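# Report on the structure
Residues per chain are reported as follows:
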Amino acid sequence: MTATTALRGENLVLGYQRTTVVHGVAVSLRAGYVTALVGPNGSGKSTVLRSLARLHHLDDGEVRLDAGGAVAVDVAALSARDFARRVTLLAQSRPHPSGLEVRDVVGFGRHPHRRRFAGLTGADVAAIDRAMAITGIDAMARRGVDQLSGGELQRVWLATCLAQETGVVLLDEPTNHLDLRYQVETLDLMRDMAEVHGTAVGVVLHDLDHAASVADDVVLLHHGRVLAAGEPAEVLTSEHLSHAYGLPIDVTTDPGTGRVRVHPRGRHHGRTR
């Protein structure tokens, strides 16, 4: 697959107050591909993702969006509505809506496309229906969100992102706090977004095996800098990961899938009982 770069950050310098935490990072998200940002706590993953979503001020560098033409657009020049029609973010911290039904929450994703106080159009209804079908939440459309489990609510928020119908979707630790089934379903949804819908997906992940299984491209951050970037097998090596995480990490290849598997070596590594 030949893909254009849908969103890219160049020479990103980011900080909090007077402390710089990201130093000259470059990251590109390609249409139809999943790009995973990985690294230890404090490495700058979520800060970089938030800067791509215009939610963190740039001390230096720029974020540019492919508008479908020859020249990319500086996202700072876009209105909030125009940007929201092109890029959406599923953040770690989300409001917990009360007194609303699932379909109403998914409908929030249509806000960049609607006039103020206007009702839903046929296009809005179709987008909501499609997002709910993709995420498998059709049957809970009229349930109150207060009645949902954490995994179910996560799928509702994913549907809200899909209903926004953007070319770029940013996800900050979307598998966090989910049980195994919902983790797998969320990873499958990411692949569907990229492969079926041609979306550029950027995702922060802590689980390195998840990154190896879902991502086409991996960016490994360490102390606010890019330690390695490329295909999973090129980035998720024993040398890179042991350096980044500060402990011995073995990396093997799964004979069935050909994907890398990550094996940290703790004090009890290798015990037989």
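Quick caveat: nothing in here was measured; it's all calculated off a predicted structure.

Basis of the calculations
- Residues numbered from 1 in each chain as written.
- Predicted model: local features only at pLDDT ≥ 70, side-chain atom pairs only at ≥ 80, totals over all residues.
- Heavy atoms only, no water.
- Salt bridge = Lys/Arg side-chain N within 4 Å of Asp/Glu carboxyl O.
- Helix = DSSP H or I, 4+ residues; strand = E, 2+ residues; numbered from the N terminus.
- Buried < 20%, exposed > 50% of the residue type's maximum accessible area, 1.4 Å probe, protein only.
- Domains from an automatic or database assignment.
- Contact = heavy atoms within 4.5 Å.
- Buried area = accessible area lost by both parts, 1.4 Å probe.
- Polar contact = N/O pair within 3.5 Å; in protein donor to acceptor, adjacent residues only side chain to side chain.

## Some details on the pattern of salt bridges
Applying the stated rule across the entire model yields 17 salt bridges. One salt bridge connects D250 with R265, and the closest N-O pair in it is separated by 3.1 Å. Linking D250 in strand β11 (residues 249-253) with R265 in the segment after β12 (260-264), this pair joins segments that are 15 residues apart in sequence. Classification of R265 by relative accessible area gives partly exposed; the value is 36%.

## So, the domain arrangement of the protein
Assigned domains of the protein: these are domain 1 (1-86 + 167-179 + 189-272) and domain 2 (94-165). Facing 11 residues of domain 1, the contacting portion of domain 2 comprises 13 residues. Summed over both sides, the interface between domain 1 and domain 2 buries roughly 1100 Å², with carbon and sulfur atoms accounting for 63% of that surface. Counting across the interface, domain 1 meets domain 2 through zero salt bridges. Seen at the junction of domain 1 and domain 2, the total is six residue pairs in polar contact (both at pLDDT 80 or more). At the level of elements, α2 (80-84) and α6 (180-195) are the ones that each hand at least two residues to the side of domain 1 that touches domain 2.

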